[in-house]
Amino acid sequence: MLVSGRRVVLVKDVSETDANGNYLRYVMVGDTFVNYQLIQKGFSRVAITPPDVACQNSFLAAQVEAQAGIRGLWEATPVPTYTITPTPTITRTPTETRIPQQAVCNCTGPRLTCNDFRSRRQAQACFEYCYSQGYGDIFRLDKNRNGIACDGSQ
């Protein structure tokens with residue numbers, strides 16, 4: 001901290017104030033020229049307001065030094081970086097469906113009932129085959145619609 005809690009000396013150049021009514025002063029703290037230090041460290045930039053030009057060359061040299069050293073406001077503005085996170089894709093896993101390779105019954109043939117099959121396994125195969133071919137439960141082998149043909153709860 002250059003001036004906090006310290007005794008300062010304010011020095012006027014030519015003008016009392018600038019066009020906006022701000023007081024124009026050079027600031028000294030002991031042997032430290034505060035205006036020069038702020039410019040040299042890159043905390044401020046030179047603003048020449050004629051006729052107040054007594055320190056113009058020193059201030060411009062300090063600014064060149066700050067720019068060359070890439071200090072303070074002369075540092076590059078960091079460019080924000082980000083990572084694009086892909087949106088998760090929901091992929092449905094197909095449920096295990098037994099689709100027979102060959103026809104196990106004639107889905108358009110004569111009407112079948114559970115009694116027409118030798119076993120519940122054959123009835124289930126016929127039910128699944130006709131369903132997979134787009135006929136649905138054409139023979140009404142699954143009357144309670146639980147996906148099991150001829151399960152006795154008909």
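Residues numbered from 1 in each chain as written. Predicted model: local features only at pLDDT ≥ 70, side-chain atom pairs only at ≥ 80, totals over all residues. Heavy atoms only, no water.

Asker: Would you mind showing me how to read the overall build of the protein chain here?
Answerer: Summing up its helical and strand segments, the protein chain has three helices and three strands in all. Listing each helix as α and each strand as β along the protein chain from the N terminus yields β-β-β-α-α-α. Against the 2.2 N^0.38 benchmark of 15 Å for 154 residues, the protein chain shows a C-alpha radius of gyration of 45 Å, more extended than a compact globule. The principal-axis extents of the C-alpha atoms in the protein chain amount to approximately 115 × 30 × 30 Å. Counting only residues that meet the buried cut, the protein chain has 23% of its 154 residues in that class. Partitioning the intrachain contacts of the protein chain with sequence separation of at least 6 by distance along the chain shows that 46% fall at a separation of at least 24. Summed over its atoms, the accessible surface of the protein chain is roughly 11900 Å², and 52% of this surface lies on carbon and sulfur atoms. Put simply, the protein chain has 16 plus and 13 minus side-chain charges, and the middle of one group is 11 Å from the middle of the other. (Helix = DSSP H or I, 4+ residues; strand = E, 2+ residues; numbered from the N terminus. Rg over C-alpha atoms; globule rule 2.2 N^0.38 Å. Buried < 20%, exposed > 50% of the residue type's maximum accessible area, 1.4 Å probe, protein only. Contact = heavy atoms within 4.5 Å. Areas by Shrake-Rupley, 256 points an atom, 1.4 Å probe, with all protein chains shown as cover. Lys, Arg positive; Asp, Glu negative; His and termini not counted. Charge placed at Lys NZ, Arg CZ, Asp CG, Glu CD.)

Asker: I tried to follow a positive patch on the surface on my own but got confused; where do I start?
Answerer: Together, Arg111, Arg140, Lys143 and Arg145 line one region of the surface with positive charge. Arg140 gets classed as partly exposed once you look at its relative accessible area, which sits at 47%. (Patch = residues over 30% accessible without salt bridge, like charges linked within 9 Å, V, L, I, M, F, W, Y side chains within 5 Å. Salt bridge = Lys/Arg side-chain N within 4 Å of Asp/Glu carboxyl O.)

Asker: Got a minute to help me understand helix α3 (residues 120-132) in this structure?
Answerer: An α-helical turn contains 3.6 residues, so a residue and the one three or four places further along point in the same direction. Across its 13 residues, α3 extends 18 Å between first and last C-alpha, which sits within 8% of the 18 Å expected from 1.5 Å per residue. Just downstream of α3 lies Gly134, where phi reads positive at about 95 degrees. (Expected span 1.5 Å × (residues − 1).)

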